[in-house]
Structures are given as structure tokens and as C-alpha cells.
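# Inside the fold
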Amino acid sequence: MSFFILTPHGAVLIIQHRPMKIAKTLIQLSRNERALITGFSTKLSANYLTRLRELGFREGEFVTCLKTPPLGAPRVFEICGSVFSVESEIARECEIEIYPAELLSTEIQ
Amino acid sequence: MENILILGNPNSGKTLLFNKLTGLNQKVANFPGVTVEIKSAHSENLNYQDFPGTYSLKALTIDEQVAIDGFKTALLSPKTKAAICVLDATRLERSLYLLLQLIEVAKKANCPVVAVVNVMDELIGKGVEINLKGLEEELGCTVIGTSAKKGAGLKELKELLKKFPTRNQKDIHSAEELNLETLNTKDKIIDFKTRANKLSREFGPKSGVLLLSQHRIDNFFLSTWGGPIVFVLLMLFLFQAIFSWAAPFMDGIDGIISSSGDWLASQVTNPIAADFIRDAMFAGLGSFLVFAPQIFILFVVIGLLEDSGYLARATVILHKPLSLFGLSGRSFVPMLSGHACAIPAIMAARTIESPRKRLLTILATPFMSCSARLPVYALLVGGFVPATTLLGGLIGLQGLAFFALFAIGIVMGLLASAVLDRMLSKKVSTLGDAPFVVELPPYRVPNVKPIIINSANRTWGFIRNAGAMIFSVTVVIWILGYFPNGSGHLESSWLGVIGHWIEPIFTPMGMDWKIGVAVLTSFLAREVFVGTLGTLYGIESTDDNMGSLTNKLQNSGMGIASALALAVFYSLAMQCVSTLAVIKKETGSTKIPVYVFVGMTIVAYIAAAIVFVAIKAL
């Protein structure tokens, strides 16, 4: 739901109310967005899951997308104080819930 | 002598600590997966063992398997006195995960574990604190803060290690019941990770401060435009540096060798001995030594890139483009190292996540222009490409030609990988054993002194190994070329007869019999080429002054078409017995090195013939 307010200077202030949480996968996390890891797809092999969990990608952990590098390169995430680049095929199988830093975001047009 | 095991996460500073404890100069770099086999050295009655890095006690790649198998074996040995777990203070939580596993396993074998919290200098530099005492109390093992780079805390570590008692036989027996698989259940993984997280939050540094500077630099190096441009500029800089910076040193060495050879030969009264000194020893071996500065600079520049932390970023940027050729972003590091030497580069492919991609990387790496090709390139480019500059003196034409020769190797390596990827049996898995998850280490100012020492050692090792072979070959070449008619009669020598017999093989590439002989001898090792050629032109010349091999080659009547064809042949041919041996070892196949040798030689021959014909036709 969005609210539109006309300011005295003539600009339109949009106050957007986002839902509390949005279920997505890690690949859909935009730059500087933060999310909670909720689970992993069953398509991931046991080895992959083990390694991801060892590195900190586990249920209940917050992850932040830091970069979306050029040339279709794997995205860069920060988790548990370390920075990792995760292949898109893997990120697609990592389930997350996005918790916006502020429930109300303000944009000025 | 009792053993001390050095374990830890990839890129936590294990090898730097090992070097400082033992006084050795093993290669170190700021990216994961530099050490792929266990190395040992002793100091003060203790034998230190440096293990490949591992994230946990579950192996997903070959280098991790080496580390974990080695650790299990070491726990069963009464000679093992203690294990050091190296933790990176700037990324404590990840390091603590392995430490907690090690403590649990080592406790069963009554093997003491020392937690060495390394890279403390970076925390202190940023004014960040870490509670080592609190960690020690919670973990129940000794915790020591060190900076292997600055040498801080090492004295205390050595003193502590000496104090540990020898383990008794009863403990060793109990270690036989170790089952590492029990550590890798989902519940156990979550438990270790939760404890690591808690300990890190309670006693560790605040990560935000440490990551901030890394993010700022990454905003540039991983940006849409900046990333690819910086990568290309860095690679161009690498090749320019090899050619431009080395030139004065090469001229100096050339002058010393020429004058030393002339002087020594003039002191010898026997004419055959004088000719041998001048033509075999100094013209042959000396011609190769001239190129040592270029090899040294290549090692230094690659060392600077490795130590800065940039290589991990290049791995990320190149992952997608390399996957088009069946490779992985991780293939970049072996391929770049292959520009120094293919042997460690092929071994570095152990860190690659999938067997198929690892095999393709092993097959593509020999195409990279290693340092042994450098003398041949330098000789031909220096002799036949004009020393003019472009863009207002910014880029030299010779440096650009150098870049082109290196580029040919890279392009052919990628094409070969793409073709082989389509030809390979589906039995070789496309799926990775481990996911492509690359840790991006913090940027660090390269530690110049160890890089210089390591580069000097590697250059000296290269000269020493190649020197023995070059000397043996040049002696044989000199005998065959000198007799029966002596100096100045090369055409009628035994070698001349053999050379003219094989000349038709090399004619399509525009090469005469002398070049043909040098090419044939260099199938043992590429670096023999320059030495052989130096000896041949030394025998042919009746002049008592040695002069440079470049001048002799220019005066031999060789044209630009033949020179470039020869350079292309060298950039693509497989002329290294040691590389073939390491391919056999790493792939476990006898057929693969045979295919590599035959395939690369045929490709090189055809490409060189095409270059010769095309340039002649212009």
C-alpha cells in the first residue's frame, strides 16, 4: 500500500508500506538489502549444504547483498563477518525472507 | 623429532606462520588455496607441518582431503606433539568453527591444541579489540595472539610448544576410534556454528569496522565499468613490466657475460678449450642467463597481485566468462600462475570444485606462456619488433607484441578447453563436489620483502634446474657442431649433416636447420632453445668477440615472418617433460599427457606454418 502526499514545495512524497517479510531466494536479494536465511531447496546436494552451513549460510542467519558485480559474475554477500561470492545456481536454491531495514521507505520524486 | 601440526582455514596465514617458525620461504599469498600439499621443516628440535587450508573436518576438494587425511594420520602418530589452529582475527567466527571441531577430535587423542589468533596487527591498526583471555577460558585451550607478518607473538608460541609433554601410547590407541563423520551431521554443524557465532560476538572484534574499507575498494574493483577495465590494465601492466623494467638489467648481464667469456677464453692457450669456453659455456649457458631479470620480474608482479587480495576479485569477475569455456572462476588462479610455471599451477587446480572443470583447467594451463618461454619471446621480439612507442610513449610496441604472444596462449587454452568440454565423456561430472563460493579476503598492502625473497629463490631455482640441462645439451651440441672441422665450419660439421637432414620438417614454418636443431633439443625443456642457439651461432662465428645472440640472429638472415612463426610455435607447443609428468600425476592417467603432447605440438606446427605463410603473403 502507498500513500501520496503533496509537499508545500510541489514535490510528491511517496510513503510506501512494504509487507513485514517477503519470501524469496538469495539470488533475488538486491544490493544493500538484508535478509534472513530460512532454508535451502532440496535440489542442493548434501555436500553443498554442509559447505554453505560451515561458511555461515545457515537457517536463522542474516545475510546482506553487498555487490552485484559486472559480466554476470556471482553476487557478493556478507555473512557472519566474512564476505563471499556465491554462484547464482547456488544462490537460487537458498531461501530467504527479506526484512526491510525500515518498514516505511520514503522516496521523493 | 616431534611434530607440530599447523592447520587452519584457507588464507588464515598458516604458511606465513610456518615460514616464520622455520625460517623457510614457502610461497604465501592473499587468496585461499595456495598450499595444496603438506610441507614440513624443522626448527629447534621441532618438526613443523604446514597443512593445506580447510574450512572444516569434512573434505570437499582434493586439497582439503590431503589436509584431513594428514591430520587423522598425524593424530595416530606418537611423534605428534601438538596441533596449532591458525585463526584469522579479522574473520574470527569462520575460523572458530574449525577450531571447535579440532578441539573435539584432538581431545579424544589427548593431543593439545593451541589457538593462534593471527593477523592481530590489522586489528591493532584499526583500533579494534579482541578478548583473547575470555576466548581461552571458554575454549579450554591456550590462545595466543600473533602477527606472523610482523613476527609478533612467535617467541611466546615457540616457548609454549616446547613445554608440551610427549603423548603416551594409550592416547594414540584411543585416537584409532576417531570417526570424523560424527562431526558432520546437520545438528553438529549447527551446534558448532552456533557456538562459533556466540564466541565471536562475545569476544571477537566488531566486523563492521573491518569490512568498511574492504567495501570501499570493492565498490571500484567490482564495479560494472571499473572491474573489467582495471583487470585488463593490470594484465597489460604485467607484460609491460616484464619487458620494460628488465631491459637495463638484461643489458648489464649480457655485457658481463660477453666480456667474461672473451677474457677467460683469451687466458686459455689451447684453441679447442678456448672455443669451448666461448661457444659452449658462455654463448650457450650465458644466453639463457641474460633473461633471468625478466623471470624475476614476472614472479614479483604475480606475487604482488597474489598478496594484495585482488586475485579473489578477479576470480569472481571471470567466473561467468570462463564458464563459457567449461571452466570455473577458480581456474583463473592456476592459469595466471601458469605464466610463471605450469607445474605448481597444475597442482593449484586441486582447489577447483568440480572434477570436470579441474581436468579442463589442467589441460588449458600448459598453453599459458610460462617463464621458460620468456627467453624465446624476448629474443625474437627484441630482435625483430621495432622498439617504438605508441600513445605518447605510454605503450611500447615490443611490450604490445609480448602481450599478443601471451594472449595467443590464453586464447588457445580457452578454445582447447571449450572443444574438450564438448568432447569429454559425460562420466566426468559437470557437477561440483563443492559449491562455487569464494571468500573475498580483505585487501592488504603486499608484503614486499617476502615476495622479493620468494621471487629470487624461484628465479634461482629455475636457473639451477634449467642450467644443468642446458649445459648438458650445449656440450653435446658443441661437440657435434665443432667436429670434425673446428670453429667456423658449422655447415660441414656432424650437426650440420644431421640438421640438413631434418630441415624439411621445419621449412613450412620458415625455419632453417639451425633453428630446427634448437627446436628439437628444446622438446626436453623450452629454456634449452636459447642455449642451443647461442652455442650454434658461437661455433659458426669466426669472430673472437662474442656479441649478443640477438645481433647474431638478426645477421643470420632470419626474417620477421620466420621470427613470428617461431614465437607462435613456442607459445603453443608442449615442450616440457616435467609438465607432462605432473599432468600424469594429477590426472592419474598415462594417456592424457600423451594426448596433450601430441595435440599441442600439432596445433603449434600448423599455427606457425599459417603465420609464416600469411606474413610472407602480405
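Being a predicted model, the structure only gives us computed values, none of them experimental. (Residues numbered from 1 in each chain as written. Chains lettered and ligands numbered in written order. Predicted model: local features only at pLDDT ≥ 70, side-chain atom pairs only at ≥ 80, totals over all residues.)

Here we come to the overall build of chain B. Helix and strand counts for chain B come out as 26 helices and nine strands. Against the globule reference of 25 Å for 618 residues, chain B gives a C-alpha radius of gyration of 27 Å, in line with a compact fold. Viewed in the frame of its principal axes, chain B has a C-alpha envelope of about 80 × 55 × 50 Å. Taken across its 618 residues, chain B has 53% of its residues classed as buried. Partitioning the intrachain contacts of chain B with sequence separation of at least 6 by distance along the chain shows that 75% fall at a separation of at least 24. (Helix = DSSP H or I, 4+ residues; strand = E, 2+ residues; numbered from the N terminus. Rg over C-alpha atoms; globule rule 2.2 N^0.38 Å. Buried ≥ 20, exposed ≤ 12 C-beta atoms within 10 Å, placed from the backbone. Contact = placed C-beta atoms within 7 Å.)

With that settled, the discussion passes to the overall build of chain A. The secondary structure content of chain A amounts to two helices and nine strands. In chain A, the succession of α and β elements from N to C terminus is β-β-β-β-α-β-β-β-α-β-β. Sorting the 109 residues of chain A into buried and exposed places 37% on the buried side. Long-range pairs, those at least 24 residues apart, make up 63% of the contacts in chain A with a sequence separation of at least 6.

Below, the discussion takes up the confidence of the model for chain A. The predicted model of chain A averages 76 in pLDDT, with 69% of residues at 70 or higher. Across residues 102-109 of chain A, confidence stays below pLDDT 50; counting only partners more than four residues off in sequence or on other chains, it has 14 contacts. (pLDDT = per-residue confidence, 0-100.)

What follows is about the confidence of the model for chain B. Predicted coordinates in regions of low pLDDT should not be interpreted in detail. Residues of chain B with pLDDT of at least 70 account for 93%, and the chain-wide mean is 84. Here the prediction assigns the complex a pTM of 0.75, and the interface score ipTM is 0.75.

It is worth spelling out the interface of chain A and chain B at this point. Chain A puts 29 residues into the contact, and the matching count from chain B is 36 residues. Per element, the largest residue contribution to the side of chain A that touches chain B is eight residues, and it comes from helix H1 (residues 46-55) of chain A. In terms of residue class, the side of chain A that touches chain B is built from 15 nonpolar, seven polar and seven charged. Sheet topology note: the strand S7 (residues 82-86) of chain A/strand S9 (residues 437-439) of chain B ladder contains three bridges and is antiparallel. Looking at S9(B), one finds that Val86(A) is bridged to Val437(B). (Nonpolar A, V, L, I, M, F, W, Y, C, P; charged D, E, K, R; others polar. Pairing = 2+ DSSP bridges.)

Quick look at helix H24 (residues 560-572) of chain B now. Residue and element names in this part refer to chain B. The terminal C-alpha atoms of H24 lie 18 Å apart, and with 13 residues this matches the ideal 18 Å at 1.5 Å per residue to within 8%. In terms of burial, H24 is a largely internal element, eleven of the 13 residues being buried. Looking only at H24, the buried set comprises Ser-562, Ala-563, Leu-564, Ala-565, Leu-566, Ala-567, Val-568, Phe-569, Tyr-570, Ser-571 and Leu-572. If you follow the buried residues of H24, they end up packed against helix H17 (374-384), helix H18 (397-423), helix H21 (513-521) and helix H26 (591-617). (Expected span 1.5 Å × (residues − 1).)

This part is about the pairing of strand S4 (residues 80-88) of chain B. All names here are of chain B. Of all nine residues in S4, nine are buried; the element is thus mostly enclosed. When strand S1 (residues 2-8) meets S4, the two strands line up parallel, connected through six bridges. From the neighbouring strand, Leu-5 faces S4, where its bridge partner is Ala-83. Summarising the sheet, S4 and strand S5 (residues 113-118) pair through six bridges and their orientation is parallel. Note that in S5 the partner of Asp-88 across the bridge is Asn-118. Crossover connection from S4 via helix H3 (residues 92-108) to parallel S5: handedness right-handed. (Right-handed = clockwise from strand over helix to strand, strands pointing away.)

Looking now at unusual backbone geometry. In this structure, the amide linkage connecting Phe483(B) to the following residue, Pro484(B), adopts the cis form with an omega of 5°. As for its placement among the helices and strands, Pro484(B) is situated in the loop between helix H19 (448-482) and helix H20 (494-506).

Let us look at the packing of H17(B) against H18(B). Residue and element names in this part refer to chain B. The geometry of H17 relative to H18 is characterised by a closest axis approach of 10 Å and an angle of 140° between their N-to-C directions. Overall, the two elements H17 and H18 adopt an arrangement that is oblique. The element H17 and its partner H18 pack so that their crossing is right-handed. Counting all contacts with H17, which are made through Tyr-377, Val-381 and Gly-382, the residues of H18 involved are Gln-398, Ala-401, Phe-402 and Leu-405. Split into classes, the residues belonging to the contact of H17 with H18 amount to five nonpolar, two polar and no charged. (Axes fitted to C-alpha atoms, helices over the stretch in contact; angles between N-to-C directions. Parallel < 35°, antiparallel > 145°, perpendicular 65-115°, else oblique. Left-handed = near helix turned anticlockwise from the far one by under 90°.)

Before going further, it helps to examine the environment of Ile84(B). Residue and element names in this part refer to chain B. With respect to the helices and strands, the residue Ile-84 is situated in strand S4. Taking the C-beta count within 10 Å as the criterion, Ile-84 has 31 such neighbours and is therefore assigned buried. Taking the C-alpha atoms as reference points, Ile-84 and Ala-196, 112 residues apart in sequence, are found 18 Å from one another. Contacts of Ile-84, omitting those with residues within four sequence positions, involve Ile-4, Leu-5, Ile-6, Leu-7, Val-114 and Val-116.

Turning our attention to helix H2 (residues 62-75) of chain B. With 14 residues, H2(B) extends 20 Å between its outermost C-alpha atoms, agreeing within 8% with the 20 Å of an ideal straight helix rising 1.5 Å per residue. Restricting attention to buried positions, one finds in H2(B) the residues Ile62(B), Asp63(B), Glu64(B), Ala67(B), Phe71(B), Ala74(B) and Leu75(B).

Turning our attention to the sheet that holds strand S3 (residues 46-50) of chain B. Residues and elements named next belong to chain B. Strand order across the open sheet formed by six strands is S2-S3-S1-S4-S5-S6, with mixed pairing between neighbours. Whereas interior strands pair on both sides, the edge strands pair on one side only; in this sheet they are strand S2 (39-43) and strand S6 (142-145). Geometrically, the sheet is characterised by an average inter-axis angle of 25° between neighbouring strands, direction not taken into account. Here five bridges tie S2 to S3, and the two strands are oriented antiparallel to one another. If you follow Ser-40 over to S3, its bridge partner there is Gln-49. Running at roughly 160° to S6, helix H5 (residues 132-139) makes contact with S5 and S6 of the sheet. Its contacts with the sheet put helix H6 (residues 154-163) on S1, S3, S4, S5 and S6, and the angle it makes with S6 is roughly 155°.

All names here are of chain B. Mapped onto the fold, Leu-572 is located in helix H24. Leu-572 sits in the buried class, given 25 other C-beta atoms within 10 Å. Separated by 516 residues in sequence, Leu-572 and Ser-56 have C-alpha atoms that sit 40 Å apart. Apart from residues lying up to four places away in sequence, Leu-572 is in contact with Phe-367, Gly-409, Met-412, Met-600, Val-603, Ala-604 and Ala-607.

Residues and elements named next belong to chain B. Close contact between H20 and H21 brings their axes to 8 Å; oriented N to C, the two are set at 90°. Classed by the angle they form, the pair H20 and H21 counts as roughly perpendicular. Here H20 contributes Leu-495, Gly-499, His-500, Ile-502, Glu-503, Ile-505 and Phe-506 to the contact with H21, which in turn contributes Trp-513, Lys-514, Ile-515, Gly-516, Val-517, Val-519 and Leu-520. Among the residues making up the contact of H20 with H21, the classes are represented as nine nonpolar, three polar and two charged.

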